[in-house]
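Survey of secondary and tertiary structure
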Amino acid sequence: MTRTSDRRGGMLSREGLPGWLDPVARVVDTVLPTELSRFLPPEDGAGRQSAVLILFGDGRGERQEQGAGPELLLMERAGTLRSHAGQPSFPGGALDPEDGDPLGDGPLRAALREAEEETGLDPAGVQLFGVLPRLYIPVSHFVVTPVLGWWREPSPVGAVDPRETARVFTVPVADLTDPANRATAVHPSGFRGPAFLVESALVWGFTAGVIDRLLHFAGWERPWDREKQVPLDWRS
């Protein structure tokens with residue numbers, strides 16, 4: 001089943017995308033909200049509108065020379081933040097009024113703006129090529145629009161404000177698909193979900209869930225041991 005075309009075409013383009021991103025672009029066209037998460041935006045419109053940037057790159061520096069292949073940009077949130085402190089995540093945050101219509105180009109502008117504010121990347125080097133269905137994070141009441149981008153012209157990145165961002169890093173997609181780096185995160189609250197142990201970080205929760213579904217529907221997932229568990233504590 002194919003979703004209806006996105007009416008935010010003004011800021012979206014697939015022209016010149018590398019062939020390895022074709023499977024991800026097809027996910028945008030076909031995936032249903034319920035195939036990404038069981039947590040969907042409240043029907044009454046409640047929740048804080050936000051967006052994240054899921055940015056794929058061709059690989060940079062030594063990794064590119066070593067043939068590590070495509071990579072994904074992530075950041076680690078500062079441990080002092082009120083929501084999701086210390087967790088690896090996609091760059092992103094709440095929409096500001098100047099971003100515009102939450103159902104139009106607003107999430108696209110917000111994703112780029114927040115990524116620039118958090119990681120210092122140059123938005124001019126990012127080509128947005130798709131938007132996934134809006135999802136919901138119950139613990140923080142965020143309604144999240146995942147925005148997909150290709151890092152056409154990579155720029156230097158790093159933690160801009162240590163009060164918000166502890167570090168910025170990239171992860172080879174090959175590492176995310178490596179069964180040795182996969183596990184099931186188990187929280188004392190009863191939450192169970194996919195996790196990735198990469199770049200000295202434990203990626204879990206919303207971010208890991210979206211990555212897991214993208215890998216699955218893009219056909220990149222490799223069989224992994226779902227019985228391998230990583231326990232979380234109440235502070236997570």
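So, here is what we can say about the structure in this document.

Here's the deal with the sheet that holds strand E10 (residues 192-198)
Read from one edge of the open sheet, 4 strands run E11-E10-E9-E12, paired in mixed fashion. The sheet terminates laterally at strand E11 (201-203) and strand E12 (229-231), the two strands that pair on one side only. Across the sheet, the mean angle separating the axes of adjacent strands is 40° when strand polarity is ignored. In this structure, E10 lies alongside E11, joined through 3 bridges in antiparallel fashion. Within E11, the residue paired with Leu197 across the bridge is Leu202. Each of strand E9 (182-186), E10 and E11 touches helix H6 (residues 205-217); the most contacted strand, E10, lies at about 85° to it.

Section: the environment of Val144
Within the secondary structure layout, Val144 lies in strand E7 (residues 142-151). Residue classification places Val144 among the buried positions, given a relative accessible area of 2%. What Val144 contacts, discounting residues up to four positions off in sequence, is Ser50, Ala51, Val52, Pro133, Arg134, Leu135, Ile137 and Phe206.

Section: the pairing of strand E1 (residues 48-57)
Counted residue by residue, E1 has 8 buried out of 10 residues, so it is predominantly covered. Of the pairings in the sheet, the one linking E1 to E7 comprises 9 bridges and is parallel in character. Directly across from Leu53, in E7, lies its bridge partner Val147. One ladder, built from 3 bridges, connects E1 with strand E4 (residues 92-94); its direction is antiparallel. Bridged to Val52 within E4 is Gly92.

The rules we used
Residues numbered from 1 in each chain as written. Predicted model: local features only at pLDDT ≥ 70, side-chain atom pairs only at ≥ 80, totals over all residues. Heavy atoms only, no water. Pairing = 2+ DSSP bridges. Helix = DSSP H or I, 4+ residues; strand = E, 2+ residues; numbered from the N terminus. Axes fitted to C-alpha atoms, helices over the stretch in contact; angles between N-to-C directions. Contact = heavy atoms within 4.5 Å. Buried < 20%, exposed > 50% of the residue type's maximum accessible area, 1.4 Å probe, protein only.

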